[in-house]
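Each chain, letter by letter, is given below.
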Amino acid sequence: MDRYAVIGNPIAHSKSPRIHAEFAHQTGQRMSYEAILAPVDGFAAAAAAFREAGGLGMNVTVPFKLDAHAFTDDLSVRARAAGAVNTLVFGPDGRCFGDNTDGAGLVQDITVNLGVPLEGRRILLLGAGGAARGVILPLLGRKPAGLFVANRTESRANDLLVQFSPAAGNTRLDAGSFAALAGRQFDVVINATAASLADEAPAIPAGLHAPGALAYDMMYGRGDTPFLAAARKDGAGRFADGLGMLVEQAAESFALWRRIRPDTAPVLTLLRAELTAG
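All values reported here derive from a predicted model rather than from experimental measurement.

Caption draft 1: Structural detail: the pattern of salt bridges. The full count for this structure, using the stated rule, is 13 salt bridges. Measuring nitrogen to oxygen at the nearest pair gives 2.7 Å for the salt bridge that ties glutamate 22 to arginine 18. Of this pair, glutamate 22 and arginine 18 are both found in helix H1 (residues 16-27), four residues apart, which corresponds to roughly one turn of the helix. Residue classification places glutamate 22 among the partly exposed positions, given a relative accessible area of 24%. Classification of arginine 18 as partly exposed rests on a relative accessible area of 34%. Two residues, lysine 65 and aspartate 102, come together in a salt bridge whose shortest N-O distance is 2.9 Å. Of this pair, lysine 65 sits in helix H3 (residues 65-71) while aspartate 102 sits in helix H5 (residues 102-113); the two residues are 37 residues apart in sequence, bridging distant segments of the chain. Accessibility expressed as a relative area gives 13% for aspartate 102, which makes it buried. Sharing partners across several salt bridges, the network here consists of Arg78, Asp99, Glu252 and Arg261.

Caption draft 2: Representation of the environment of glycine 98. Among the secondary structure elements, glycine 98 is positioned in strand S6 (residues 96-99). A relative accessible area of 0% places glycine 98 in the buried class. Distance in space between the C-alpha atoms of glycine 98 and alanine 70 is 9.4 Å, their sequence separation being 28 residues. Sequence-distant contacts of glycine 98, defined by excluding residues within four places in its chain, comprise Thr72, Asp74, Leu75, Ser76, Ala79, Val85, Thr87 and Leu88.

Conventions we followed
- Residues numbered from 1 in each chain as written.
- Predicted model: local features only at pLDDT ≥ 70, side-chain atom pairs only at ≥ 80, totals over all residues.
- Heavy atoms only, no water.
- Salt bridge = Lys/Arg side-chain N within 4 Å of Asp/Glu carboxyl O.
- Helix = DSSP H or I, 4+ residues; strand = E, 2+ residues; numbered from the N terminus.
- Buried < 20%, exposed > 50% of the residue type's maximum accessible area, 1.4 Å probe, protein only.
- Contact = heavy atoms within 4.5 Å.

Scope: geometric values only; no functional claims are made or implied.
Encoded structure:
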């Protein structure tokens, strides 16, 4: 049976084994998928051991996405742009291919599952860390009117502006601090900060949401995250957490490995029901 895994630290909370088991059952694939807890300084050894034992691919989660980037022999364009890898493919020639499916998962969730077009829209991306870096190129690929990258530390946002400006095309790409957002409005506001993990909302000005705007948090939970709760008070029209992004990025990985794309809708419905039930 073909072997796959997700590797991280911690890893017990990961929904990836559940998701990929559902995908495999749905598509009739003979494969196993396990969770691997690696020491924080032991990613390369654990990944190499899994490959040598016959593993064909891995998903990579916190804190190893940068380690995975360094581990690969070949990178996709989007992984190179992100500077991080969340999917490994072990080839029969012994080479390791690295990809980053996070941005594709986000775009698929917003445009297909939520039915919100990104073309011609004004997008605000909060945060300038790895989560933000991984989604900028796919967002730009949808040709929004503008993409503003805002971060508490302005210099980190400006670094992303410099990096991604060559890929912006006709999209206006801006960067700045949270304070620089005052007086602006956006059609889509995406939280890529870690604030929700600390049960906090990003310290952003009020009035950022245009009428009917989508507020999207990459984090997810049983109810509104602090970011989504704040967005409701700020007048956003639609709200979504990151559960759909999680399922969609997993489907992108699955398609890389198995050359077949699963139907994500029933898996997302299942996970949402389980999350709501607690």
